[in-house]
Amino acid sequence: MQAAVLIEPGKIEIREAPTPSPRKGEVLVRILEAGICGTDYACYMGNLTTIYPIIPGHEAVGEIAALGKGVEGVRVGERVTIQPNFPCTACPVCRSGHENVCPDKVRLGLDVDGVFAQYVCVPRPYVWPLPDGLSVPVAALAEPLCVALHAFRKNPPAPDERVLVYGAGVIGLLLVRLAVLSKARVAAVDIAEQRLAIAKELGADTIYLTFPELERDAGSFSILYDTSGAADAFSNIVNVAAPGGSIVLTGLPHRDFPLPTSTIVRKELTIRGSMIYRDEFPAALNLLKGGEMKTDLLITETYPLEMLSRALEDFRAPDRVKTLIRIP
Ligand SMILES: [Zn+2]
Ligand SMILES: [Zn+2]
């Protein structure tokens, strides 16, 4: 099969690789389209521990090409999206219902070869058939939507509640839309005007390009989501949160930052981490099928697999939201 192989940070080669064959309980998926995510960028830049060489990528839609022994409930030719983290299901963390933070989970594209290739093997419980009428590129947003939905469900806003989304990348924009759909009043902050324009199109009523702009409305936000993981994000968020407010962190910085602890106590803020997703795939696919997420606004470009390096180099461009890779 053809695959994009990350040889070392910054170096991707498109080469022939052996086509995997499904083991017991696995399905072989022929990848059609795959999304580029912050994790892939971090991996490409050498900011995330992985093994080399590896086929990166974890957000994908494909078609089932073969079934391993004992697989039931799906058929060859069926279109599926992939849930790309496989928890061990046996450890105390998994057994207590926190599979998303299983210390032994296997991550597609980081621990094992991922989806920037023609084929990948996935355990049966982690492929989700596409509902009728859901297109391949829109379904490619299921995984990031699950990330947003998991964060959103930590503290869903009530109608008219004032929500701040810090960082208007894909996850931030999906959170903006989820909050708008629940009739909250939504504000977004980012350093890129182009992304804030999309936040407005998705229904945000206020946008902030700089922290001084945001600071003018300090104290008015009762639910705040950080999707940026930026160095100053958390202290800025704590500073503009309303007393009694609730903060959900889903952006993943590459290191820990100091906390404004006394402000957190004085405002009696609630702070929650949100890591990937657990059981959000059916709800995410349903939402995407309904069309009300307006995901067409989020797909910036589709590149062929040979241009994966170029697409990764462009990852931080201010006019880019979700880039898809078409697999030959
Ligand atoms: Zn992702
Ligand atoms: Zn586990």
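Caption draft 1: Examining the domain arrangement of the chain more closely. Looking at the assigned domains, one finds that the chain contains domain 1 (2-141 + 298-326) and domain 2 (146-273). Every contact between the two is made by 12 residues of domain 1 and, on the other side, 10 residues of domain 2. Considering only the side of domain 1, the residues that lose the most area to domain 2 are Leu298, Pro318 and Val321, jointly responsible for 55% of the buried surface there. Our count for the contact surface shared by domain 1 and domain 2 stands at 0 salt bridges.

Caption draft 2: Broad picture of the coordination of the zinc ion (ligand 1). Every protein donor of the zinc ion (ligand 1) is accounted for by Cys37 (SG), His58 (NE2), Glu59 (OE) and Glu143 (OE), and the metal-donor separations fall at 2.1 to 2.7 Å. Around the zinc ion (ligand 1), the 4 donor atoms are arranged such that angles at the metal cover 79 to 164°; this shape is classified as irregular. Ordering the donors of the zinc ion (ligand 1) by residue number gives the pattern C-x20-H-E-x83-E. Remark: glutamate 59 occurs in strand S4 (residues 59-67) and cysteine 37 occurs in the loop between strand S3 (26-35) and helix H1 (38-44); sequence separation between them is 22 residues. Taking relative accessible area as the criterion, glutamate 59 reaches 1% and is therefore assigned buried.

Caption draft 3: Looking closely at the side chain of histidine 58. Positionally, histidine 58 belongs in the loop between H1 and S4. On the basis of relative accessibility, which here comes to 7%, the residue histidine 58 falls in the buried class. What histidine 58 contacts, discounting residues up to four positions off in sequence, is Cys37, Thr39, Asp40, Ile82, Pro84, Leu108, Val115 and Glu143.

Caption draft 4: Quick look at the pairing of strand S14 (residues 241-249). Bridging between strand S13 (residues 221-226) and S14 involves 5 bridges; their strand directions are parallel. Within S14, the residue paired with aspartate 226 across the bridge is leucine 249. Crossover handedness for the path S13 to helix H8 (residues 233-240) to S14: right-handed. Here 4 bridges tie S14 to strand S15 (residues 270-273), and the two strands are oriented parallel to one another. Paired with valine 248 across the two strands is arginine 272, which belongs to S15.

Caption draft 5: View of H8. By the criterion of burial, H8 is predominantly enclosed, with 6 of the 8 residues buried. For H8, the full list of buried residues reads Ala233, Phe234, Asn236, Ile237, Val238 and Val240. For H8, the secondary structure elements touched by its buried residues are strand S10 (162-166), helix H7 (211-215), S13, S14, helix H9 (261-266) and S15.

Definitions and limits used
- Residues numbered from 1 in each chain as written.
- Chains lettered and ligands numbered in written order.
- Predicted model: local features only at pLDDT ≥ 70, side-chain atom pairs only at ≥ 80, totals over all residues.
- Heavy atoms only, no water.
- Domains from an automatic or database assignment.
- Contact = heavy atoms within 4.5 Å.
- Buried area = accessible area lost by both parts, 1.4 Å probe.
- Salt bridge = Lys/Arg side-chain N within 4 Å of Asp/Glu carboxyl O.
- Donors = N, O, S within 2.8 Å, 3.2 Å for Na, K, Ca; no water.
- Tetrahedral: all angles 85-135°; square planar, octahedral: opposite > 155°, others 65-115°.
- Helix = DSSP H or I, 4+ residues; strand = E, 2+ residues; numbered from the N terminus.
- Buried < 20%, exposed > 50% of the residue type's maximum accessible area, 1.4 Å probe, protein only.
- Pairing = 2+ DSSP bridges.
- Right-handed = clockwise from strand over helix to strand, strands pointing away.

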